[in-house]
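Below are the chains, spelled out letter by letter.
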Amino acid sequence: MDRISAARHKEKRYFHIHYLSKMKGKGRSPLQINVKDAITGLIGGFLTIFALILLTKITSAVWLMAPFGASCVLAFGLWNAPLSQPRNIIGGHFVSTFVGLASYHFFGDEPWAIGLAVGLAIAVMMLTKTTHPPAGADPLVVMLGQYGWSYLFTPVLTGAVIIVLLALLINNLRSNRSYPTFWI
């Protein structure tokens, strides 16, 4: 092996070792146990999902989708985080579902189209400052379920608004919580 090849080999080896060492993680979880927060999450998640299921049973419309469970985790468990605010819950679900529907109607439900829809949804949420992690699943729901444009309004928009309304009511019952931390 000549010197140049040896130097490149050494450089690649260093890169791989350095790259892999970044995956070790440092320290411990910063999350703390707070029983009152856990009870608020229990009550908020229960009432929100229960309300959406009741609305589904009472009416002929579907008011619930799986990502709403994850939205409840953020709305009631991490209520003061930027990605848990009304703009992010409502806007994130709306934008992400719109991207999923547009992708489905333009490209179908091919594997590459589903992957593209999720990637585009993430990018559009970030560009519109509406990032909401549970909404990243919306294109999957829409495309695998082969839903039409009405899905954007029921369950997505109305369901997201109901989550926010219940988060406003339940979170603000606690004296040490003020929800939301921002609207816009």
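Residues numbered from 1 in each chain as written. Predicted model: local features only at pLDDT ≥ 70, side-chain atom pairs only at ≥ 80, totals over all residues. Heavy atoms only, no water.

- Per an unreviewed UniProt entry, the recorded name for the protein is Membrane-spanning protein, and the organism is Peribacillus simplex.

## A closer look at the packing of helix α5 (residues 111-127) against helix α6 (residues 138-145)
Reasoning step 1: In the contact formed by α5 and α6, the axes pass within 9 Å of each other and the chain directions differ by 150 degrees. Between α5 and α6, the angle falls in the class roughly antiparallel. Crossing geometry of α5 relative to α6 is assigned as right-handed. Along the contact surface, α5 presents A113, I114, A117, V118 and A121, while α6 presents P139, L140, M143 and L144.
Reasoning step 2: For the contact of α5 with α6, a count of residues per class yields 9 nonpolar, no polar and no charged. (Axes fitted to C-alpha atoms, helices over the stretch in contact; angles between N-to-C directions. Helix = DSSP H or I, 4+ residues; strand = E, 2+ residues; numbered from the N terminus. Parallel < 35°, antiparallel > 145°, perpendicular 65-115°, else oblique. Left-handed = near helix turned anticlockwise from the far one by under 90°. Contact = heavy atoms within 4.5 Å. Nonpolar A, V, L, I, M, F, W, Y, C, P; charged D, E, K, R; others polar.)

## Section: unusual backbone geometry
Reasoning step 1: Here the amide bond leading from T154 into P155 is cis, since omega sits at 20 degrees, within 30 degrees of zero.
Reasoning step 2: Within the fold, P155 resides in helix α7 (residues 153-171).
Reasoning step 3: In this structure, P180 follows Y179 across a cis peptide bond, with omega equal to 5 degrees.
Reasoning step 4: Its location among the elements puts P180 in the segment after α7.
Reasoning step 5: Phi angles above zero are rare outside glycine, and K129 is one such case at about 55 degrees.
Reasoning step 6: Locating K129 in the fold gives a position in the loop between α5 and α6.
Reasoning step 7: Since its relative accessible area comes to 59%, K129 is described here as exposed.
Reasoning step 8: Even without a glycine there, the phi angle at Q146 is positive, about 55 degrees. (Buried < 20%, exposed > 50% of the residue type's maximum accessible area, 1.4 Å probe, protein only.)

## What about the environment of P180?
Reasoning step 1: On the basis of relative accessible area, P180 is assigned to the buried category, the value being 16%.
Reasoning step 2: Taking the C-alpha atoms as reference, P180 lies 9.1 Å from V164; in sequence the two are 16 residues apart.
Reasoning step 3: Among all residues touching P180, those that are not within four sequence positions of it are Q85, P86 and L168.

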